[in-house]
Amino acid sequence: MEFTAKQIAQFIQGKVEGDENASVHTFAKIEEGIPGAISFLSNPKYTHFIYNTKSSIVLIDESVVLEKPVETTLIRVHNAYECIAKLLQLYASAQPKKSGVSSLAFISPTAKIGKDCYIGAFAFIGENAEIGDGCQIYPNVYIGDEVRIGSNNLFYPNVTVYKQCRIGNNVIIHSGAVIGADGFGFAPGENGYDKIPQIGIVVIDDDVEIGANTCIDRSTMGATRVCKGAKLDNLIQIAHNVEIGSNTVMAAQGGVAGSTKIGEWCMTGGQVGFAGHITIADNTHVGAQAGITNNIKTSGQTILGSPAWDAKMYMKSVAIFRRLPEMYKEISELKKEIQELKSQQK
């Protein structure tokens, strides 16, 4: 399908600068632009590419001031990054979906499957499981007994959902993710560690996306919960009885220990670790590799470091830390001068 600059501008409420009849049929990064492609510019580091890009159309923020003319057609918008996301969503929704149930899939006679579902080869649907309308279940997915899954979900190959877990609507789970494995619960005894049965479940609300090889453990009792709109990257560990607030996003390789509650609209960088049994306020931003060991009570903080604390204070401390060798040398010289002055007074 092809779209003109005029059509695209109408869809995203932008303003065309250049040929409104310029047409595109694909997407490309601005530095790898080709004729017939649409690109976007939102990061100032890439501004220099706009003068030579071969893309037919480029989305650009209204506020950007260019130093010289460009050959490409521009569409100026309030936020180019948000607009390219809308266009990519439109493009993805137009792609054909798989349909039908493979003869190589196993579906328990007691399971209930909604309308217009795709279930791939070697998928397993357990006893009394329920899957809503329009779900895409790719090959080798395991859905355990009594699992409840809503509508329009997408499970990529090798996703595992343990028994009795609950998943809402419009959820995407990527390959290798495990939902509902036992929480890490053991009690020390005379002869080793006694396993504490994990009899709870995992509840995943609507519009959640879970990355590849991410693990969300079932609770000891009650539920581990990922609330509406949360987005979890690849390789994240969510322990038992954790709650991830709505619209919170977590980058890869993070870990959340048991019974911790993370608020709404939080953002965490890569390799962030949370201790157990703590509460994190809404709108907390956590820098990469931070370690959070205590409650964050005030909403809207940005924290860094391990253990993590206020980002501005942390950066000031890092600046001092870098000067420690120089400061140590200065202190040593001062001590030497003081000793010399003392010896002269005797």
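Cut-offs and rules
Residues numbered from 1 in each chain as written. Predicted model: local features only at pLDDT ≥ 70, side-chain atom pairs only at ≥ 80, totals over all residues. Heavy atoms only, no water. Pairing = 2+ DSSP bridges. Helix = DSSP H or I, 4+ residues; strand = E, 2+ residues; numbered from the N terminus. Contact = heavy atoms within 4.5 Å. Axes fitted to C-alpha atoms, helices over the stretch in contact; angles between N-to-C directions. Buried < 20%, exposed > 50% of the residue type's maximum accessible area, 1.4 Å probe, protein only. Arc of directions from axis to C-beta. Patch = residues over 30% accessible without salt bridge, like charges linked within 9 Å, V, L, I, M, F, W, Y side chains within 5 Å. Areas by Shrake-Rupley, 256 points an atom, 1.4 Å probe, with all protein chains shown as cover. Salt bridge = Lys/Arg side-chain N within 4 Å of Asp/Glu carboxyl O. Parallel < 35°, antiparallel > 145°, perpendicular 65-115°, else oblique. Nonpolar A, V, L, I, M, F, W, Y, C, P; charged D, E, K, R; others polar.

Participant: Even after reading the chapter, I still don't get the sheet that holds strand β6 (residues 57–61), so can you show me in this structure?
Facilitator: Strand-to-strand pairing in sheets goes through backbone hydrogen bonds, with the strands running parallel or antiparallel. Spatially, 5 strands are ordered β2-β7-β6-β5-β4 in an open sheet, and the strand pairing comes out mixed. Whereas interior strands pair on both sides, the edge strands pair on one side only; in this sheet they are β2 (15–17) and β4 (26–27). By the bridge criterion, 4 bridges tie strand β5 (residues 37–41) to β6 in an arrangement that is parallel. When the sheet's bridge partners are listed, Ser39 is paired in β6 with Val58. On the sheet, helix α1 (residues 5–12) packs against β2, β5, β6 and β7 (73–77) and is oriented at approximately 5° with respect to β7. In the packing of helix α2 (residues 80–93) onto the sheet, contacts are made with β4, β5, β6 and β7, and the angle to β6 comes to roughly 140°.

Participant: Which parts of the structure should I look at to understand the environment of Ile143?
Facilitator: Tracing the backbone through its elements, the reader meets Ile143 in strand β15 (residues 142–143). On the basis of relative accessible area, Ile143 is assigned to the buried category, the value being 0%. Beyond its immediate sequence surroundings of up to four residues, Ile143 is in contact with Phe124, Ile125, Gly126, Ala129, Ile149, Phe155 and Val161.

Participant: Explain α1 to me, please; I cannot follow it from the model alone.
Facilitator: Of the residues making up α1, those classed as buried are Ala5, Ile8, Ala9 and Ile12. Buried residues in α1, looked at end-on, bunch into an arc of 100°, giving them a common side.

Participant: Explain the sheet that holds strand β33 (residues 261–262) here, please?
Facilitator: Taken in spatial order, the 9 strands make up an open sheet running β10-β13-β16-β19-β24-β27-β30-β33-β36, and their pairing is parallel. Of all strands in the sheet, those bounded by a partner on one side alone are β10 (112–113) and β36 (279–280). With 2 bridges connecting them, β10 and strand β13 (residues 130–131) associate as parallel partners. Paired with Lys112 across the two strands is Glu130, which belongs to β13.

Participant: Honestly, the environment of Ala319 in this entry has me stumped. Any pointers?
Facilitator: Within the element layout of this structure, Ala319 appears in helix α3 (residues 311–322). Spatially, the C-alpha atoms of Ala319 and Ser56 are 45 Å apart, while their sequence positions differ by 263 residues.

Participant: So what exactly am I meant to see when it comes to a nonpolar patch on the surface here?
Facilitator: Residues Phe184, Phe186 and Tyr193 make up a contiguous nonpolar surface patch of about 430 Å² in total accessible area. Here Phe184 lies in the loop between β21 (178–181) and β22 (186–189).

Participant: Even after reading the chapter, I still don't get the pattern of salt bridges, so can you show me in this structure?
Facilitator: Between side chains of opposite charge, a pair can form when the charged atoms approach closely. Tallied over the entire structure, the rule returns 6 salt bridges. With its nearest N and O atoms 3.4 Å apart, the salt bridge here joins Lys29 to Glu32. Lys29 gets classed as partly exposed once you look at its relative accessible area, which sits at 48%. With a closest N to O distance of 3.0 Å, Asp205 and Arg225 form a salt bridge. Note that Asp205 is positioned in the loop between β24 (201–204) and β25 (209–210) and Arg225 in strand β27 (residues 223–226), a separation of 20 residues in sequence.

Participant: I would appreciate a short explanation of the packing of α3 against helix α4 (residues 324–345) in the present structure.
Facilitator: Any two packed helices are characterised by the angle at which their axes cross and by the distance between the axes. At their nearest, the axes of α3 and α4 sit 5 Å apart, and the two run at 55° to each other. By the angle between their directions, the pair α3 and α4 is classed as oblique. Residues Ile320, Phe321 and Arg322 of α3 form the contact with α4, whose own contacting residues are Leu324, Pro325 and Met327. Residue composition of the contact of α3 with α4, by class: 5 nonpolar, no polar and 1 charged.

Honestly, it's all geometry; don't read function into it.
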